[in-house]
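As a plain string of letters, each chain reads:
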Amino acid sequence: MHCTRKVLEDLIWVGADDRRLACFEGVYGVPDGVSYNSYLMIDEKTVLFDTVDKAVSQNFFENIAFALDGRTLDYLVITHMEPDHAATVKNLVLRYPGVKIICNAKIKTMLAQFFEMNLEDNTVVVKEGDSISVGRHELSFVMAPMVHWPEVMMVFDKTDGILFSADAFGTFGALNGRLFSDETDFFNENLDEARRYYTNIVGKYGPQVQAALKKVMPLNIKFVCPLHGFVWRKDFEKYLEKYLLWSSYAPEEKSVMLAYASVYGHTENAANIMAKLLVERGVRVRMYDTSVTPASYIVSDAFRCSHLIFASTTYNAGVFVTMENLLRDIAAHNLQGRKIAILENGSWAPTCGKLMRDILTPLKNTEFIGENITIRSSAKDSQLAEMEALADAIAADIR
């Protein structure tokens, strides 16, 4: 039984939801599932935009057969070769042996790497600015390397103003029967997962995202069809503003993200005191235990907040493992332009503060607020003035 939805009369969503996936890419928890989007254009030629992950292949092929309604498939456009979108390419070609694959040169190379098939005669290679007419629709191609793989491209349908945006503008979460962003309260209900998707999947490549946005912003875009998440037909400019912000590494809000790593609760208590002092000064604090909250959520709020505080106990003469993993994850995602404070704990050799700074110092435009606050086993009343001074400095800077 098919489960399709029309984007327009001649453009049909033929993707599927996956709610049983525990970790997207083996890293990012997706408690609300994820969608794999594929779109079928019905014109003088039939055109499929990308395939799906193998986990939902049965639904996918049932949807295509229904949407084609007895017609053959003429073209498959591949915008991104990551297996969550390309795993079913080989099966598709076997089902529709006459299909022509439209892709760029890098995608063609990756096709040969992923699949042992002779697709030479089936492949149409396009480059930046090329156009192909499939009847009423004219498709043009926009290269978007490193958003977030080197082969990525976007496709713009000049006829109806549809941007097929590959992994850009996607979000975690199953569609749950909805297709369009205006069928949900997106900016209240879905923005956090959209931010977590962007910062963790694409966040490292801000300059490349900015370069791609400069190419597509002059286009007369009326619809945006990403490979994950909702189709945009209203208020896309609001979402575009978020992408411009995130890709520039500018903080989304003046607030503090406070992450701590604690073994027996003493570092946690110091972090709670720090949070209380900030809140009393009118500062919004988003607080995380690195041993409980997966790093992807904390990375997302590190992009969101203007000021960051990291509090960790020293462990095996180093940084506690969950904190070290978080800091290296933040560094790997190229976060920039944040003001950071460090709080360290240690019973006999509090060394983690310097090591934490060493991980974060290479980040561009990073500024540390004051010296490390050092706790010996547990915070003492005598250290309250030092913590209050840090809270004063952060609150003043935020104001």
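So, how was this worked out
Residues numbered from 1 in each chain as written. Predicted model: local features only at pLDDT ≥ 70, side-chain atom pairs only at ≥ 80, totals over all residues. Heavy atoms only, no water. Helix = DSSP H or I, 4+ residues; strand = E, 2+ residues; numbered from the N terminus. Contact = heavy atoms within 4.5 Å. Phe/Tyr/Trp six-rings, centres within 6.5 Å; stacked < 30°, edge-to-face > 60°. Buried < 20%, exposed > 50% of the residue type's maximum accessible area, 1.4 Å probe, protein only. Axes fitted to C-alpha atoms, helices over the stretch in contact; angles between N-to-C directions. Parallel < 35°, antiparallel > 145°, perpendicular 65-115°, else oblique. Left-handed = near helix turned anticlockwise from the far one by under 90°. Nonpolar A, V, L, I, M, F, W, Y, C, P; charged D, E, K, R; others polar. Salt bridge = Lys/Arg side-chain N within 4 Å of Asp/Glu carboxyl O. Pairing = 2+ DSSP bridges.

Student: Please clarify how the environment of Pro150 should be interpreted in this entry.
Tutor: Note on placement: Pro150 falls in the loop between β13 (138-143) and β14 (153-157). In this structure, the C-alpha to C-alpha distance between Pro150 and His80, residues 70 residues apart in sequence, is 9.1 Å. Those residues in contact with Pro150, other than ones at most four positions away along the chain, are Lys106, Met110 and Pro145.

Student: Would you take a moment to explain the packing of aromatic side chains for this structure?
Tutor: Geometrically, a pair of aromatic rings is defined through the distance of the ring centres and the angle of the planes. Per the counting criterion, the structure on display carries 24 aromatic pairs. Taken together, a centroid distance of 3.8 Å and an interplanar angle of 5° make the contact between Phe49 and Phe164 stacked. Of this pair, Phe49 sits in strand β8 (residues 46-49) while Phe164 sits in strand β15 (residues 162-164); the two residues are 115 residues apart in sequence, bridging distant segments of the chain. No difference in accessibility class separates Phe49 from Phe164, as the two residues are buried.

Student: I keep staring at the packing of helix α6 (residues 191-202) against helix α8 (residues 236-248) and nothing clicks. Help me out?
Tutor: Axis angle and axis distance: for two packed helices, these are the angle between their axes and the distance between the axes, and together they describe the pair. The interhelical angle for the contact between α6 and α8, taken along N-to-C directions, is 40°, at an axis separation of 11 Å. The pairing of α6 with α8 is recorded here as oblique in orientation. The interaxial crossing formed by α6 with α8 has right-handed handedness. Residues Leu191, Ala194, Arg195 and Tyr198 of α6 form the contact with α8, whose participating residues are Tyr239, Lys242, Tyr243, Trp246 and Ser247. Class assignment of the residues belonging to the contact of α6 with α8 gives a composition of 6 nonpolar, 1 polar and 2 charged.

Student: Looking at this structure, how should I read the pattern of salt bridges?
Tutor: Side chains bearing opposite charge may pair, as long as their charged atoms lie close to each other. Per the counting criterion, the structure on display carries 21 salt bridges. Between Arg233 and Asp182 there is a salt bridge, and its shortest N-O distance comes to 2.9 Å. Placement of the pair is Arg233 in the loop between β16 (223-225) and α8 and Asp182 in the loop between β15 and α5 (186-189), with a sequence separation of 51 residues. Here Arg195 makes a salt bridge to Glu252, at a shortest N to O gap of 2.8 Å. One end of the pair, Arg195, is in helix α6; the other, Glu252, is in the loop between α8 and β17 (253-261), and 57 residues separate them in sequence. Among the residues examined, Arg195 registers a relative accessible area of 2% and is labelled buried. Counted as one network, the salt bridges with shared partners bring together Asp192, Arg195, Lys242, Glu252, Asp301 and Arg304.

Student: How do you make sense of the sheet that holds strand β7 (residues 39-42) when you look at a structure like this?
Tutor: Note: strands within a sheet are paired through backbone hydrogen bonds, in either parallel or antiparallel orientation. Taken together, 7 strands build an open sheet; the order of strands is β1-β2-β7-β8-β9-β10-β11 and the sheet is mixed. Two strands bound the open sheet, and with one partner strand each, they are β1 (5-8) and β11 (123-125). Each strand axis lies, on average, 25° off the axis of its neighbour in the sheet, ignoring direction. Relative to β11, strand β10 (residues 100-103) is paired through 3 bridges, and the arrangement is parallel. Within the sheet, the bridge partner assigned to Ile102 lies in β11 and is Val124. Here helix α1 (residues 57-68) sits on the sheet in contact with β2 (11-13), β7 and β8, set at roughly 15° to β7. This element, helix α4 (residues 105-114), spans β10 and β11 of the sheet and lies at about 125° to β10.

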